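Each chain, letter by letter, is given below.
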Amino acid sequence: MIEDKKKAYLFLDDGSVYHGKNIGSEKESNGEVVFNTSMTGYQEMLTDPSYKGQILIATYPLIGNYGINPYFSESNNIQVSGFIVRSLCDFPSHNLSTLSLGDFLIDNNIPGISDIDTRSITKKIRSKGVMKGLITLNNDEKRALKILKSTENYDQKDLVSSVSTKTVYEYMSQKEDDVQRKFNIVLLDLGVKRNILRILDSKGCKITVLPWNSSAKTILGFNPDGIVFSPGPGDPSRLDDIVKVVKEIIGSVPIMGICLGHQIIARAFGFDTFKLHFGHRGGNQPVKDLMNGKVYPTAQNHGYAVKSDVLNREIEVSHMNLNDQTISGLINKKDAVITIQYHSEASPGPQDSEYLFNEFITIIKNFNKNKD
Amino acid sequence: MTQEISKVLIIGSGPIVIGQAAEFDYAGTQACKSLREEGVEVVLVNSNPATIMTDLDVADKVYIEPLTPEIIEKIIIEENPDGILGTLGGQTGLNLVMELDELGILTKHNVKVLGTSITSIKMAEDRDEFRILMNNLNEPVPKSFACSSIKEVLNAAEEIGYPVVVRPAYTLGGSGGGVAKNQEMLESIADSGLKASRVNQVLIEESLVGWKEVEYEVMRDSFDNAITICNMENIDPLGVHTGDSIVVAPSQTLTDKDYQLLRSASLKIIRALSIEGGCNIQFALEPYWITDPNRGELIRKQRYYVIEVNPRVSRSSALASKATGYPIARIAAKIALGKKLDEMTNVVTQKTTAAFEPALDYCVVKIPRWPFDKFEFGDRTIGTQMKATGEVMAIDRTFEAAFLKALRSLDIKNQSQLSELNESGESIDFNPSDSRIWGVMSALRKGMSPNELSKETGFDPWFSNSFLKIIKMEKELSSNSINSDLLLRAKRMGFADSDISKILKISTEEVRNKRIKFGIIPTYKMVDTCAAEFEAFTPYFYSTYETENEAFPIHHDKVIVLGSGPIRIGQGIEFDYCSVHAAWALNKINKKSIMVNSNPETVSTDFDTSERLYFEPLDEESIRNIIDNEIYESNKPKSIVQFGGQTAINLATSLDDSSNPIMGSSAKTIDNASDRVPFEKLTASLKIPQPPGGEVSNIKEAVDVANSIGFPVVVRPSYVLGGMSMEILQNNKELERYFESHSSLFEDFRGSLLVDSYIEGIEVEVDAVCDGRNILIPGIMEHIERAGVHSGDSIAVYPPINLTKKEIEIIVKYTKDIGVALGIKGLMNIQFVIKRFETRVNQDQRSKVYILELNPRSSRTIPFISKVTGVPMIDIAVKIMNGTLLSDLDYKHQLIPNKNFYAVKAPVFSMSKLTGVDTFLGPEMKSTGEVMGIDNNFQSALSKALISSQLQLPRYGKLLLSIADRDKKTSEKLIKLINSKGYNFAATPGTADLIESLGFPSERIEKVLSRHPNAVDLIEDKSIIGVINTVTGDRKTLQDGFQIRRIATERKIPCFTSLDTAYAAIDSSSTVTNFKVKSLEKFVNL
């Protein structure tokens, strides 16, 4: 066995460099370097549009063990700019697997690095915060730093437009229509994960997916029973057009916001958002339901959060992150709005919060009842 | 309601047996600390003195008493606790609390069951109730039937179809179970299963052999918050007991969908069972999903079954705690008081709460430690009945490295990843056994493909491929010249320097030097529960070859404590007790303790026991690396080698050779004490008698020595553990047989075998601290069995009951003389034998004291003697090792005066689990654990010990005797005693003749098993209550005696192979009926 992998480097904005071996594409790539602590679910993570513009580090060291299969992707292709792992498995084992992770990266023309001290990089990001990084086969430090300086900051990037659908479509599972479709849901695609659609579909919703820049009029034109604002990448403060749309809609239809959707709705209610030091990304973030005191492990993936220093009587904080006491969810009973900062659709991560989709459906039912 | 609980009784798990080892000392100790933090007064009861939990520092009140409902009721009356906690004491604790409840004792005394309720426990433990619950939850369980008779069993199998699995209800480590492929096998397995079950019930299940076995550790609080701590994947597919499986954490071959499927099921189950505390759930997972080829979509998820739920803290919880850093038992104890998960702090990050699920950024591998290096004739196959006595765990950043490190941690002499177990070229046996993993490596080395291997073993191909990676690296190393890159890759994959040296055919030291020259030195990473997401404060590290080191040398004065590795026969929990106390003692003298150990079950590997914990193998490479990592301002920390059993003391020489300082007795002292020639010279010069004998290296020399000193002789290899391969031989013929069957020893044990005169007499054991000038003996222990039975298998009594003042004086003098002459600094353990000459007239000449053996280290009896005398031996030893003199301490005597009570230590065996192993007592140790009985008089203390070790005889009934010719003369006294106690006799012809000649009637039975009625018939009929059977000199296992002993063991009928044990047991059998209980504190402070 000869080790034929090429050397690869991760340069960080602060001048540090980490060595490893090239996996995936050999092209150069940059992005905001973030880490996720989930121990499973790399295929779901890589294809999650919320990672657009980011280089992802898997803190779990053994990645690729069960390969890649045609069923688990959360969007059509890999979304991350690069993938950094301690050890890449080149002999995947799972009966669904049709491709190795290495080949998946190559097919998507995404570069990565393996055999690198991922824990050391994680600690750096934990203490210094997220920063720009460059994956390259070129070990020229000056050159790398120059490239990093000249590239756009993550916060300035227009990411939602690049991951959102360009056209309106209806999502319906290909299964025979044994589910009676009772609820007409419009989902504003800011970077939606398929599992949100799958779950809503399985609960009897007919889902119409609209591009991120749809107007309130367009949205309401579909006569929805409920509107979902999806998760997505980037800084919510750049999306005030959508905030305006939300403001126009509030009160007329039940609304659910997930992750970026939650942040946008919060902004519509007058909250500010801010960038977290290094974000919450993983499958073990404890969230407390402030309404009943219960605690749930949740799947999270966000770099921004809603500031809690605004006193807002119109909307209540419903959930709180136990690690840093940031806002994890909001509720406005009068206008039938619920939002969560985390991922009730899981995939990857714990499925404990799937009940929130049921709650949303209950809210829709009650809303309709009240209307009648 | 929680405020009412101010005093809690915690039930310990009793002696160490297979299926219930040190993990419950860890759990119990954590629970005690945790409850006391909450201001609760803790009363602890356990029959096992070798535990940390029974320390007066750990609980407020300690009772070392038999774990029976009658005794517990007495303790309840004495202490009047508000609540009882049984879910941390293993199956023993759980069963005991259920019994107490069934008997109405808890209600009567108004004691609340804390944590998981009795109803929940029953629901999880009773197979039928559990099935109904699972069906209601829509959680799949394999087809199965609870059966109480062979007829029901056969009907069930008919319904399910063969093969079927037999699982007895309410047993430890699945004892009495198995997989039956046909009716004949089923009848035999079900029969033993029914007999092993407390409720005479077995479960007949659909066989899922070949499915993946995955476990989840789950916690729930009374507020219905539930989390999973960790999942674990067994490399051995279903069919091998999880305690006997190689286990990896977290799972490696499960997708997120698989992982969450089982995780969600786990949470649903723990909620439905209303568990308050920890719980372990085992699943069988079908290794494939079904897809629709036409439409390209998933038709259904994987099939899985819920196999078992343990509604308590378990062996797996201890492993999960160590694997993740999450203190399961500590949190479970607080939950039992009514605390919510989010009300408790995560002690690791000190910021976040306990309501989180650990994220790992490393891989953990556990390998069981089996006792077959000692029981070479035992049945080495493994299955649904657990056989391992202990386990090792290793942590690294890749599976291969964690696996190889775990192999190293097993500490099996001359065995490494490279070992070829059957060089003879026979085909490799892929059936599950203790040595299968070496067969697997060997097969891959010979070119078998990973897929073929997976077909043979049922391992997921991922594991087979990982093993192949290791083999490829072996080949790469052997076929390429070594360079920095290759060496680094080998080290990153977990290759030991010693294995690289064997492949490269250079010395280990050369590999080490090359490695250091290339700058390839290990880094240490922290186990922090959160994959580095938060800053953590756990001083818990593992080695790996990465770029960033997180364990900076401790600046303060510090000492490394070498632990004792996996629990095995001869090296048990006692040494963990010593290591833990060493860490505490160091703290008291203002030194930082650094613990090194590889055993996940123990208190020593709890990260808050020491100042810093390195979870590493206990071998030269890893200790030297740790020392180097801890060098601060060019000062190397000292190491303590005398508390970690033979494993630690064996490292003295290599540490000394590499100029690493040792604290306490020097390497030279250790060597002089262990090496026969200098030791003989020393005893001769001190005029301390030693049994005559010699060191030999071949049969001729052995015969010469034996004939010159006279038979019987004791033979044993030098430098061994627990009397391994030690035998008493009566004549030349037996000596020849010994050589034939132990030929391999002459390659392994530095070529030397000791042949000594066997002196039959009273065996006495002494633990002492020596400061180089003087000694301190806390108390002398006398063995019930005459010399010849391994001290670890003997019943020991404190204070001695038969010794004269003069003999005691001599023992104290010899102990001092030899300790001082050797220059012992710290602990030593000496075995003496006293030979009485009844014919001599002169008082002083009536007996002679011989020194049998000296171990320059802590011994198995340290916890026992420390507890009963109240002399903190480890604490004193550490002070002495640090330069304090005994005269500076408050101990005025060389021998502390006797306390006014008796304490008896009795061995406990796990023989029913180890099929094929002969149970007779001899010089080779066989017990896995120990119990203690303590009371104001000897008979009561002995009775309590016998009850706890399950050797107590009923007060009436028939005893079966089969006594070897050479013991017939000495057994007359015993026979008279048996008669006087009113027992009846059954005996084999020769023994019956003897009994009748003494004037007593005896039922005669056949000696050979082919004729009836024979001993086995009587045992099976349950018409006898005990067996006394001494062995003939020639011990081929196929003898009738072997069958008798095995059957008695498997049917749990007391079987005595030493006349002395039998005498003591019978003598005490009917003397005491109403025991008094008293806390240890009250006894010791008398």
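Position numbers for residues start from 1 in each chain and track the written sequence from start to end. Following the order in which they are written, the chains are lettered starting with A and the ligands numbered starting with 1. pLDDT decides what is reported in this predicted model: residues at 70 or higher carry local features, side-chain atom pairs at 80 or more are listed and counted, and totals for whole chains, interfaces and linings draw on all residues regardless.

*Asks:* It is not clear to me how the overall build of chain A should be interpreted in this structure. Could you clarify?
*Replies:* Secondary structure assignment for chain A yields 10 helices and 19 strands. On C-alpha atoms alone, chain A measures out to a radius of gyration of 21 Å, which is about the 21 Å that the 2.2 N^0.38 rule sets for 372 residues. Summarising its shape, the C-alpha atoms of chain A cover approximately 70 × 50 × 40 Å along the three principal directions. Whether a residue is buried, exposed or partly exposed follows from its count of other C-beta atoms within 10 Å of its own C-beta, namely 20 or more, 12 or fewer, or something in between, respectively; the C-beta atoms are built from the backbone. Counting every position in chain A, which comprises 372 residues, the buried fraction comes to 58%. We call two residues in contact when their backbone-placed C-beta atoms lie within 7 Å. Within chain A, contacts between residues at least 6 apart in sequence are counted, and of these 76% link residues at least 24 apart. Secondary structure elements are defined from DSSP: runs of H or I of at least 4 residues count as helices, runs of E of at least 2 residues count as strands, and each element is numbered from the N terminus. Computation of the radius of gyration draws on C-alpha atoms, with the globule rule given as 2.2 Å multiplied by the number of residues to the power 0.38.

*Asks:* What should I look at first to understand the overall build of chain B in this one?
*Replies:* Helix and strand counts for chain B come out as 37 helices and 41 strands. For 1086 residues, the compact-globule estimate of 2.2 N^0.38 gives 31 Å, and the C-alpha radius of gyration of chain B, at 28 Å, lies within 12% of that figure. If you line up chain B on its principal axes, its C-alpha atoms span 100 × 70 × 65 Å. Counting every position in chain B, which comprises 1086 residues, the buried fraction comes to 59%.

*Asks:* Can you walk me through the interface of chain B and chain A in this structure?
*Replies:* By convention, interface size is frequently given as the accessible area that disappears when the constituent parts associate. Across the boundary between the two partners, chain B contributes 52 residues, which contact 44 residues of chain A. By residue number, the principal contributor to the side of chain B that touches chain A is helix 9 (residues 256–272) of chain B, which donates six residues. Following the grouping adopted for this structure description, the nonpolar residues are Ala, Val, Leu, Ile, Met, Phe, Trp, Tyr, Cys and Pro, the charged ones are Asp, Glu, Lys and Arg, and the polar ones are all others, Gly among them. The class makeup of the residues in the side of chain B that touches chain A is 22 nonpolar, 12 polar and 18 charged.

*Asks:* Explanation requested: helix 6 (residues 127–137) of chain B in the structure shown.
*Replies:* Residues spaced three or four apart along an α-helix face the same direction, because each turn holds 3.6 residues. Residue and element names in this part refer to chain B. The set of residues buried in helix 6 consists of Arg127, Phe130 and Leu133. Taken around the axis of helix 6, the buried residues stretch over an arc of 125 degrees, which confines them to a single face. Across helix 6 from its buried face, at more than 90 degrees, point the exposed residues Asn135 and Asn136. Of the surrounding secondary structure, the elements contacted by the buried residues of helix 6 are helix 5 (118–125), strand 6 (144–147), strand 9 (202–206), helix 9 and strand 16 (304–310). Looking one or two residues past helix 6, Asn138 carries a phi angle of roughly 65 degrees, positive in sign. Summarising the geometry, the arc corresponds to the directions from the helix axis toward the C-beta atoms.

*Asks:* When you look at the nonpolar core in this model, what are you seeing that I'm missing?
*Replies:* Nonpolar side chains in soluble globular proteins tend to be buried together. Ranked by internal contacts, the top residues of the largest apolar core, which has 423 residues, are Val365 and Val769 of chain B. The leading source of residues in this core is helix 19 (residues 573–588) of chain B, at nine residues. Note that domain bounds follow an automatic or database assignment of domains. Here this core spans two domains, and each of domain 1 (7–155) and domain 2 (160–371) of chain A adds at least three residues to it. If we skip the residues at most four places from it in the chain, Val365 of chain B touches Ile246, Val248, Ala394, Phe399, Ala402, Phe403 and Ala406 of chain B. Working definition: the nonpolar core is a set of buried Ala, Val, Leu, Ile, Met, Phe, Trp, Tyr and Cys residues, joined through C-beta atoms within 7 Å. Membership of the second largest hydrophobic core comes to 16 residues, among which are Val153, Val164, Val165 and Leu194 of chain B.

*Asks:* Just to check I follow, could you spell out the sheet that holds strand 18 (residues 390–396) of chain B for this structure?
*Replies:* Strand pairs in the sheet, formed through backbone hydrogen bonds, run parallel or antiparallel to each other. Residues and elements named next belong to chain B. Two strands make a pair as long as DSSP finds a minimum of two bridges between them. One open sheet accounts for seven strands, arranged 16-13-10-11-12-17-18; its pairing is antiparallel. Each edge of the open sheet is held by one strand with a lone partner, namely strand 16 and strand 18. With direction set aside, neighbouring strand axes in the sheet form an average angle of 25 degrees. Pairing geometry for strand 10 (residues 212–220) and strand 13 (residues 277–285), over nine bridges, is antiparallel. Across the sheet, Met219 pairs through a bridge with Gly278, a residue of strand 13. Orientation is described by lines fitted to C-alpha atoms, with helices fitted over the stretch in contact, and by angles between N-to-C directions that extend from 0 to 180 degrees.

*Asks:* Mind showing me how you'd approach the environment of Thr116 of chain B here?
*Replies:* One can find Thr116 of chain B in the loop between strand 5 (112–113) and helix 5. Taking the C-alpha atoms as reference, Thr116 of chain B lies 4.6 Å from Glu276 of chain B; in sequence the two are 160 residues apart.

*Asks:* So what exactly am I meant to see when it comes to the sheet that holds strand 40 (residues 1026–1029) of chain B here?
*Replies:* Residue and element names in this part refer to chain B. With parallel pairing, the five strands of this open sheet are ordered in space as 39-38-37-40-41. Each having just a single partner strand, strand 39 (1003–1004) and strand 41 (1055–1056) make up the two edges of the open sheet. In this structure, strand 37 (residues 958–962) lies alongside strand 40, joined through four bridges in parallel fashion. By the bridge assignment, Leu960 is partnered in strand 40 with Val1027. Its contacts with the sheet place helix 33 (residues 989–997) against strand 37, strand 38 (984–987) and strand 39, and it is angled at close to 145 degrees to strand 38.

*Asks:* Just checking my understanding: could you explain the domain arrangement of chain A for this structure?
*Replies:* Residues and elements named next belong to chain A. When the domains of chain A are assigned, the result is domain 1 (7–155) and domain 2 (160–371). Each of domain 1 and domain 2 was reduced to a C-alpha centroid, and the two centroids are 27 Å apart. Domain 1 puts 23 residues into the contact, and the matching count from domain 2 is 24 residues. Counting only elements with at least two residues in the side of domain 1 that touches domain 2, the list comes to strand 3 (29–36), helix 1 (42–46) and helix 3 (118–128). Here the side of domain 1 that touches domain 2 takes three residues from strand 3, the largest share from any one element.

*Asks:* Please clarify how the packing of helix 13 (residues 436–445) of chain B against helix 15 (residues 461–479) of chain B should be interpreted in this entry.
*Replies:* Any two packed helices are characterised by the angle at which their axes cross and by the distance between the axes. Residues and elements named next belong to chain B. The geometry of helix 13 relative to helix 15 is characterised by a closest axis approach of 9 Å and an angle of 60 degrees between their N-to-C directions. Considering their axes alone, helix 13 and helix 15 lie oblique with respect to each other. Taken as a pair, helix 13 and helix 15 cross one another with a handedness that is right-handed. From helix 13, Val440, Met441, Leu444 and Arg445 reach across to helix 15, where they touch Phe467, Leu468 and Ile471. Tallied by class, residues from the contact of helix 13 with helix 15 come to six nonpolar, no polar and one charged. Here roughly perpendicular refers to angles of 65 to 115 degrees, roughly parallel to angles under 35, roughly antiparallel to angles over 145, and oblique to all remaining angles. Left-handed is the label given to a crossing in which the near helix is rotated counterclockwise from the far helix by less than a right angle, and right-handed is the label when the rotation is clockwise.

*Asks:* Just to check I follow, could you spell out the packing of helix 15 of chain B against helix 17 (residues 497–504) of chain B for this structure?
*Replies:* Residues and elements named next belong to chain B. At their nearest, the axes of helix 15 and helix 17 sit 8 Å apart, and the two run at 50 degrees to each other. Judged by the inter-axis angle, helix 15 sits oblique to helix 17. Pair helix 15 / helix 17 crosses with right-handed handedness. Contact with helix 15, carried on its side by Glu474, Leu477 and Ser478, involves Ile500, Ile503 and Leu504 of helix 17 and no other residues of that element. Across the contact of helix 15 with helix 17, the residue classes tally to four nonpolar, one polar and one charged.

*Asks:* Any chance you could explain unusual backbone geometry here in plain terms?
*Replies:* Leaving glycine aside, a negative phi is the common case for residues, and trans is the common case for peptide bonds. Residue and element names in this part refer to chain B. A cis amide bond, omega -5 degrees, links Tyr162 with the succeeding residue Pro163. In this structure, Pro163 sits in the loop between helix 7 (150–160) and strand 7 (164–168). Cis peptide bonds are those with omega within 30 degrees of zero, and the linkage from Ala249 to Pro250 qualifies with -10 degrees. Of note, Pro250 is situated in the loop between strand 12 (247–249) and helix 9.

*Asks:* Is there a simple way to explain the pairing of strand 12 (residues 205–210) of chain A in this structure?
*Replies:* All names here are of chain A. In terms of strand pairing, strand 10 (residues 169–171) meets strand 12 through three bridges, oriented antiparallel. Bridging across to strand 12, Glu170 finds its partner in Thr208. Sheet topology places strand 11 (residues 183–188) next to strand 12; six bridges connect them, and they run parallel. By the bridge assignment for strand 12, Val186 is matched with Thr208. Think of it like this: strands point away, you trace from the first strand over the helix to the second, and a clockwise trace means the crossover is right-handed. Regarding topology, helix 6 (residues 194–202) serves as the crossover connection from strand 11 to the parallel strand 12, and that connection is right-handed.

*Asks:* I tried to follow the environment of Asn635 of chain B on my own but got confused; where do I start?
*Replies:* The residue Asn635 of chain B is located in the loop between helix 20 (620–629) and strand 24 (638–640) in this model. Separated by 78 residues in sequence, Asn635 of chain B and Asp557 of chain B have C-alpha atoms that sit 9.5 Å apart.

*Asks:* Can you help me understand the environment of Thr653 of chain B in this one?
*Replies:* All names here are of chain B. Relative to the helices and strands, Thr653 is located in helix 22 (residues 652–657). With 14 residues separating them in the primary sequence, Thr653 and Ala667 have C-alpha atoms 5.6 Å apart. Leaving out residues up to four positions away in the same chain, Thr653 has contacts with Ala667 and Asp671.

*Asks:* How should I be thinking about the pairing of strand 22 (residues 592–597) of chain B in this particular structure?
*Replies:* Two faces, one strand: in a regular strand the side chains alternate between the faces of the sheet. Residue and element names in this part refer to chain B. Of all the six residues making up strand 22, six are buried; the element is thus mostly covered by neighbouring parts of the structure. A two-sided burial pattern is seen for strand 22, the buried positions comprising Lys592, Ile594 and Val596 on one face and Ser593, Met595 and Asn597 on the other. Note: strand 21 (residues 558–562) against strand 22, five bridges, orientation parallel. Pairing of Val559 across the sheet is with Ser593, part of strand 22. Remark: the strand 21/helix 19/strand 22 crossover connection has right-handed handedness. In this sheet, strand 23 (residues 612–615) lies alongside strand 22 in parallel orientation, the contact comprising four bridges. In the sheet register, Val596 faces strand 23, and the bridge partner there is Tyr614.

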